[in-house]
There are 2 protein chains.
Amino acid sequence: MSQHRHPGAPGRAGAVPALPDLPEATVARLPEYLRALHNLAETSHETVSSEGLANAAGVNSAKLRKDLSQLGSYGTRGVGYDVALLIDQIEYVLGLTQRRAVALVGVGNLGHALAGYDGFAGRGFRIAALFDADQERVGEEINGLIVRHVDELPRVAAEESIAIGVIATPAAAAQRVADQLVSVGVTSILNFAPCVLSVPEGVDVRKVDLAIELQILSFHEHRKATLTALPAAGGPALTALPGGLAVTESQEAIGT
Amino acid sequence: MSQHRHPGAPGRAGAVPALPDLPEATVARLPEYLRALHNLAETSHETVSSEGLANAAGVNSAKLRKDLSQLGSYGTRGVGYDVALLIDQIEYVLGLTQRRAVALVGVGNLGHALAGYDGFAGRGFRIAALFDADQERVGEEINGLIVRHVDELPRVAAEESIAIGVIATPAAAAQRVADQLVSVGVTSILNFAPCVLSVPEGVDVRKVDLAIELQILSFHEHRKATLTALPAAGGPALTALPGGLAVTESQEAIGT
């Protein structure tokens, strides 16, 4: 994706596209800034320095300034950023000025937790429909919503203008659910099932795999342990990778 | 967990560093490869081409080859990667050859879902202890474990050799829990609370914020909508950023 976009005068002169095409990493940090800004607004702060906001969001301030410059937000020297204005700008870019309707498919343990999660409402989302394929679960009420059979998805998705589908089914069911969501026009999917979904061009999938998060932490735990075990920087390695020997055999990168 | 152990000769030659210092993005993809490899192993595949594995893991094959080359795995031309060997190598690097004990703090809706999630056991982790600060919840049994009061954390963490702490408390409680985990020697934390944790150097924190995932999707939804609304490539913008006018005032990047 392109990296810099027109901090100039949006909407004027016809030179600026409707929405900046931001790097994925910047997009991922905007919600952090937004949360920090809302906290500041709630505690009656009208302006914030880049350092103050960067600390609150847990990033370094140079990165923050660069990110925000891509929205056309530069702050004012000696004053900082206008909190309310920056909230507006980020909410606009993230498309949070309308509250998006979310359909949640799969109301097992995780689905229950998601359906009952209060954190969505204040942050631009409304769980508008719950679905499950299990007749035992259909009809159950969670947080004021009745679980419906997944076959009702097409009708309900149209009625509720569903923008985002959340898949919290077992892995084996996830692809079929994704296909159903796509077929009713949903183009953004958050997938909690531990599997890779295949979707057509134009459909965005984000994946949250809880075991993968733990495995990434495990790497760091393992690494810290081996670093501690090393005699000194530059010392000989104590451990080799399994199969390390095999590397010396006649192996090379496989192309196509 | 690991199915095969040390086909090579770990500990010899001393030429391989204890553990490669991999880019974070590579580390994040290794669990995906691992999951795909386990699926292949379960379906009696002994080898896999880089393309086959890349497809199964949802990445492009050039990236996969580069990632795996950093582990010293190059596959064999015309044959591909040895599935069992590659599983060993990735599990070794991720530190999954020992099953890590996880302490979960906060057993509200999300904590319940995490405590009941079957997906951890097969992937290198064991939820070893559950904690909550709420006396009402202490004593409850979830998935065979009794919820204990968070004050018992120091004793239990030592007894169970807790390696990873998972925080599923409200945001307001999360920092205190993180401090408690750090004080008992936990150096890896998975944080589900919607807040930024401050931890000492050497402690790794990964964060899963469900609303943030939705907000990132919302950006893409919004972007797709504005692209659709544009008359043609290069056409004038239809929408302006809020506060766009202010950008023309005397503003500049704030440094310090």
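Under an unreviewed UniProt entry, chain A has the name Redox-sensing transcriptional repressor Rex and belongs to Micromonospora phaseoli. Under Subunit (unreviewed entry), UniProt gives the following word-for-word description of chain A: "Homodimer."

Caption draft 1: Quick peek at the overall build of chain A. Along its length, chain A carries eight helices and nine strands. By the burial criterion, 52% of the 256 residues in chain A qualify as buried. Restricting the contact set of chain A to residue pairs at least 6 apart, pairs at least 24 apart contribute 52%. When the accessible surface of chain A is totalled, it reaches about 11,000 Å², and 51% of it is carbon and sulfur.

Caption draft 2: Examining the UniProt feature "domain: CoA-binding" (unreviewed entry) in chain A more closely. Per the UniProt record, "domain: CoA-binding" (unreviewed entry) is found at residues 95-196 of chain A. The span residues 95-196 of chain A is 27% helix and 30% strand, and its two end C-alpha atoms sit 26 Å from each other.

Caption draft 3: Quick look at unusual backbone geometry. All names here are of chain A. In this structure, Ser-44 takes a positive phi of about 65 degrees despite not being glycine. Here Ser-44 is to be found in the loop between helix H1 (24-42) and strand E1 (47-48). We classify Ser-44 as exposed; its relative accessible area is 64%.

Caption draft 4: Summary view of the domain arrangement of chain A. By domain assignment, chain A separates into domain 1 (24-93) and domain 2 (100-210). Each of domain 1 of chain A and domain 2 of chain A has a C-alpha centre, and the two are 31 Å apart.

Caption draft 5: Just the sheet that holds strand E4 (residues 125-132) of chain A, in detail. Residue and element names in this part refer to chain A. Spatial ordering of the open sheet is given by E5-E6-E4-E3-E7-E8-E9, a layout of seven strands whose pairing is mixed. Either end of the sheet is taken by a strand with one partner, and the two such strands are strand E5 (141-142) and strand E9 (204-207). Strand direction decides the pairing type here: strand E3 (residues 100-105) and E4, joined by six bridges, are parallel. Following the sheet pairing, Ala-101 is matched in E4 by Arg-126.

Caption draft 6: Just the packing of H1(A) against helix H2 (residues 50-57) of chain A, in detail. Residues and elements named next belong to chain A. One can describe the packing of H1 onto H2 by two numbers: an axis separation of 8 Å at closest approach and a directional angle of 110 degrees. Relative to H2, H1 is oriented roughly perpendicular. Facing H1, whose interface residues are Glu-32, Tyr-33, Ala-36, Leu-37 and Leu-40, H2 presents Leu-53, Ala-56 and Ala-57.

Caption draft 7: Structural view of the environment of Ala28(B). Residue placement: Ala28(B) occurs in helix H1 (residues 24-42). Classification of Ala28(B) as partly exposed rests on a relative accessible area of 28%. Taking the C-alpha atoms as reference points, Ala28(B) and Gly108(B), 80 residues apart in sequence, are found 28 Å from one another. Non-local contacts of Ala28(B), meaning those with residues more than four positions away in its chain, are made with Ile212(A) and Ile216(A).

Caption draft 8: Representation of the sheet that holds strand E8 (residues 188-191) of chain B. Residue and element names in this part refer to chain B. The seven strands lie next to each other as E5-E6-E4-E3-E7-E8-E9, forming an open sheet whose pairing is mixed. Of all strands in the sheet, those bounded by a partner on one side alone are strand E5 (141-142) and strand E9 (204-207). Here helix H6 (residues 153-160) sits on the sheet and contacts strand E3 (100-105), strand E4 (125-132), strand E6 (145-149) and strand E7 (162-167); the angle it forms with E4, its principal contact strand, is near 170 degrees.

Caption draft 9: Examining the UniProt feature "DNA-binding region" (unreviewed entry) in chain A more closely. UniProt annotation of "DNA-binding region" (unreviewed entry) refers to residues 32-71 of chain A when read in the numbering used here. Helix makes up 70% of residues 32-71 of chain A and strand 5%. Its end C-alpha atoms lie 15 Å apart.

Caption draft 10: A look at the environment of His112(B). Residues and elements named next belong to chain B. Note that His-112 resides in helix H5 (residues 109-115). Note: C-alpha distance between His-112 and Leu-130 (18 residues apart in sequence) is 9.7 Å. Not counting chain neighbours up to four residues away, the residues in contact with His-112 comprise Val-107, Glu-140 and Ile-142.

Quick notes on the rules
- Residues numbered from 1 in each chain as written.
- Chains lettered and ligands numbered in written order.
- Predicted model: local features only at pLDDT ≥ 70, side-chain atom pairs only at ≥ 80, totals over all residues.
- Heavy atoms only, no water.
- UniProt positions renumbered as here; feature names shortened; annotations may be inferred.
- Helix = DSSP H or I, 4+ residues; strand = E, 2+ residues; numbered from the N terminus.
- Buried < 20%, exposed > 50% of the residue type's maximum accessible area, 1.4 Å probe, protein only.
- Contact = heavy atoms within 4.5 Å.
- Areas by Shrake-Rupley, 256 points an atom, 1.4 Å probe, with all protein chains shown as cover.
- Domains from an automatic or database assignment.
- Pairing = 2+ DSSP bridges.
- Axes fitted to C-alpha atoms, helices over the stretch in contact; angles between N-to-C directions.
- Parallel < 35°, antiparallel > 145°, perpendicular 65-115°, else oblique.

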